[in-house]
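Reading the structure
Listed here are the chains, written in short residue letters.
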2 protein chains.
Amino acid sequence: MVGVSTPLSPTARTTVQRGRHRVVSDREVLHGFLAEALVGHVGVVVGDHPVVLPCAYAVDLAGPDEGGSLYLHGSVASVWLRHAIGSTVCVTVTELDGLVAARSAFNHSMNYRSAVVIGRARLVEDEAERARALDLVVDQMVPGRAATLRPSTRKELAATAVLAVPLHEASMKARAGGPGDEPEDVAAGTWGGHVPLRRVAGEAVPAPEAKGPVPADVAARVRGLAGG
Amino acid sequence: MVGVSTPLSPTARTTVQRGRHRVVSDREVLHGFLAEALVGHVGVVVGDHPVVLPCAYAVDLAGPDEGGSLYLHGSVASVWLRHAIGSTVCVTVTELDGLVAARSAFNHSMNYRSAVVIGRARLVEDEAERARALDLVVDQMVPGRAATLRPSTRKELAATAVLAVPLHEASMKARAGGPGDEPEDVAAGTWGGHVPLRRVAGEAVPAPEAKGPVPADVAARVRGLAGG
């Protein structure tokens, strides 16, 4: 899954400068990763400094932006979102897969997959695209759930802003496996290895007033993450 | 753990604007969270746009910066790091704790803890502080491990840059529990609830040439994360 090859995007700002052996050059791997991960971190310049906030997101490969659309949403009143509209933002999605306990401090590392998308954030104004993006954000959390919910009210939609970032300028890095230790540290007989990490779900917790069984979509999400 | 109260920092840029009911106002909670989490996302302005990258980090509450020091490290050749030195950066640390499957799309949410630290990144030049910071970064991954490793070589230290960001300007938000649904959606009898998520460790995987048992520090890390 890791190799030196064509970067995902031809632009300088998403060409990986360091750790080129960890570059993932297959756009399908990027798409698969973004379909699976749960949280992004969006970076926006606010005044003279960057602000980085966690965000739910979703991807529509058939979206109208170059390379497909990455969607973010937020309150129309949020400061980061107002600064993001029309500006270049960076959305980074990372999943931590392990801790690499090398034989030296220098070679300690983490196993991870991380995608970086840089692009101009477009305020989505078309109502059909907005509705589709919001459904995708819900389905990113619990696949299939959006179709089971009542339509959003006009008031709810008016309170929500949706941003689209083109997937065109993207890079992805990944690290997997054990430490890359110095030969002399290996020869010295020191222990080295790695600790795999994964995210697991507990049983679904119904709200106090919830009636009936856990819906199939939520149960499937729990099963999917329980299997790791 | 969540309440409306004094923000952690008196400055405007780390005063939470939205979702004030999710603000964590206790600095000890911030410190405990930063001691426990594993990955940060650092935002740096590079030219005219933000770049957000995942990073290992560590905190020294007794560090020389106001409020204590948050340390990052990287290759001296890395582009983000060279842009960060002397600039204002944002380091955001997030742990995802659950998916909130509400009765409406609008009330879908995630349970999480997230700390945002904004400050000027200082290049750490004092050798004792550099060594201590790098030990702390290793111990953040596997507590107690730094003391078991050989000292870093001059070449390793020369290849590594350490940055310190003051912990003074920080905010923290957290969400826990089930959905905050509209009364009419509850009354309609729709199911709502949440799915707890946690990070777990698998068994330590020794490198092919590793000799002897898994060290106590690594074994303790696995046990700690296995327990959730």
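A quick note: this is a predicted structure, and the numbers were derived from the prediction, not measured.

Turning our eyes to something else, we now look at the relation of the copies chain A and chain B. For the pair chain A and chain B, the superposition axis carries a translation of 0.0 Å, the fit reaches an RMSD of 0.0 Å, and the rotation angle comes to 180 degrees. Such a turn and shift between the copies fits a two-fold axis. No C-alpha of chain A lies nearer the rotation axis than that of arginine 199 of chain A, which sits 2.2 Å from it. When you check the interface residues of chain A against chain B, 100% turn up at the interface there too, and the contact is symmetric in its surfaces.

All right, on to the environment of alanine 84 of chain A then. Residues and elements named next belong to chain A. Tracing the backbone shows alanine 84 in helix α2 (residues 79–84). We classify alanine 84 as buried; its relative accessible area is 0%. Spatially, the C-alpha atoms of alanine 84 and arginine 120 are 8.2 Å apart, while their sequence positions differ by 36 residues. Once you skip the residues sitting within four places of it in the chain, alanine 84 turns out to touch Val44, Val89, Ala121 and Leu163.

Our next topic: the sheet that holds strand β3 (residues 57–60) of chain B. Residue and element names in this part refer to chain B. Reading across the sheet, the four strands line up as β3-β4-β8-β7 and stay open at both edges, with antiparallel pairing between neighbours. Because the sheet does not close on itself, it has two edges, and the strands there are β3 and β7 (122–123). Relative to strand β8 (residues 160–166), β7 runs antiparallel, the two being bridged by two bridges. Residue pairing across strands places arginine 122 opposite alanine 164, the latter belonging to β8.

To continue, consider the sheet that holds strand β7 (residues 122–123) of chain A. Working definition: the strands of a sheet are paired by backbone hydrogen bonds and lie parallel or antiparallel to each other. All names here are of chain A. Spatially, the four strands line up as an open sheet ordered β3-β4-β8-β7, and their pairing is antiparallel. Because the sheet does not close on itself, it has two edges, and the strands there are β3 (57–60) and β7. Sheet topology places β3 next to strand β4 (residues 69–75); four bridges connect them, and they run antiparallel. Following the sheet pairing, tyrosine 57 is matched in β4 by leucine 72. Strand contacts of helix α3 (residues 127–141): β3, β4, β7 and β8 (160–166), with the helix running at about 120 degrees to β3, the strand carrying the most contacts.

All names here are of chain A. Mapped onto the elements, glycine 212 comes out in the loop between β11 (205–206) and α6 (216–226). Exposure remark for glycine 212: the relative accessible area of 58% places this residue in the exposed category. In the structure, glycine 212 is positioned 91 residues away from alanine 121 in sequence and 41 Å away in space, judged by C-alpha atoms.

Here we come to the interface of chain A and chain B. Taken together, the 83 residues of chain A in the interface contact 83 residues of chain B. Interface area, chain A with chain B, both sides summed: about 6,800 Å², of which 70% is carbon and sulfur. At the boundary of chain A and chain B, one finds four salt bridges. Where glutamate 209 of chain B meets arginine 103 of chain A, a salt bridge forms, and the shortest distance between an N and an O atom there is 3.7 Å. Summed over the shared surface of chain A and chain B, the number is 19 residue pairs in polar contact (both at pLDDT 80 or more).

Interfaces are frequently sized by the accessible area removed from exposure as the parts join. Residues and elements named next belong to chain A. Domain annotation for chain A reports domain 1 (12–181) and domain 2 (198–228). Using only C-alpha atoms to locate each centre, domain 1 and domain 2 end up separated by 24 Å. The interface of domain 1 with domain 2 comprises nine residues on the first partner and five residues on the second. On the domain 1 side of the interface with domain 2, the three residues burying the most area are Leu38, Val142 and Arg145, jointly 51% of the side's total. A salt bridge links arginine 199 to glutamate 95, with the shortest nitrogen-to-oxygen separation between them at 2.8 Å. For the pair domain 1 and domain 2, the interface holds four residue pairs in polar contact (both at pLDDT 80 or more).

With that settled, the discussion passes to the nonpolar core. Burial of nonpolar side chains together is a common tendency in soluble globular proteins. Counting 68 residues, the largest nonpolar core has Leu34 and Leu72 of chain A together with Leu34 and Leu72 of chain B as its most contacted members. Residues within four places of leucine 34 of chain A in sequence aside, it is in contact with Tyr57, Val59, Val93, Ala115, Gln140 and Leu167 of chain A.

Let us now look at the pairing of strand β1 (residues 40–46) of chain B. Residue and element names in this part refer to chain B. With respect to burial, β1 is a largely interior element, six of its seven residues being buried. Bridge analysis of β1 against strand β2 (residues 49–55) gives seven bridges, and the strand direction is antiparallel. Residue pairing across strands places valine 44 opposite valine 51, the latter belonging to β2. The antiparallel pairing of β1 with β2 creates a hairpin that spans two residues between the two strands, and glycine 47 there sits at a positive phi of about 65 degrees. Pairing of β1 with strand β5 (residues 88–101) involves four bridges; the strand directions are antiparallel. Bridge pairing in β5 links valine 42 to valine 91.

So, how was this worked out
Residues numbered from 1 in each chain as written. Chains lettered and ligands numbered in written order. Predicted model: local features only at pLDDT ≥ 70, side-chain atom pairs only at ≥ 80, totals over all residues. Heavy atoms only, no water. Least-squares fit on C-alpha atoms with pLDDT ≥ 70 in both. Contact = heavy atoms within 4.5 Å. Helix = DSSP H or I, 4+ residues; strand = E, 2+ residues; numbered from the N terminus. Buried < 20%, exposed > 50% of the residue type's maximum accessible area, 1.4 Å probe, protein only. Pairing = 2+ DSSP bridges. Axes fitted to C-alpha atoms, helices over the stretch in contact; angles between N-to-C directions. Buried area = accessible area lost by both parts, 1.4 Å probe. Salt bridge = Lys/Arg side-chain N within 4 Å of Asp/Glu carboxyl O. Polar contact = N/O pair within 3.5 Å; in protein donor to acceptor, adjacent residues only side chain to side chain. Domains from an automatic or database assignment. Core = buried A, V, L, I, M, F, W, Y, C linked by side-chain atoms within 4.5 Å.

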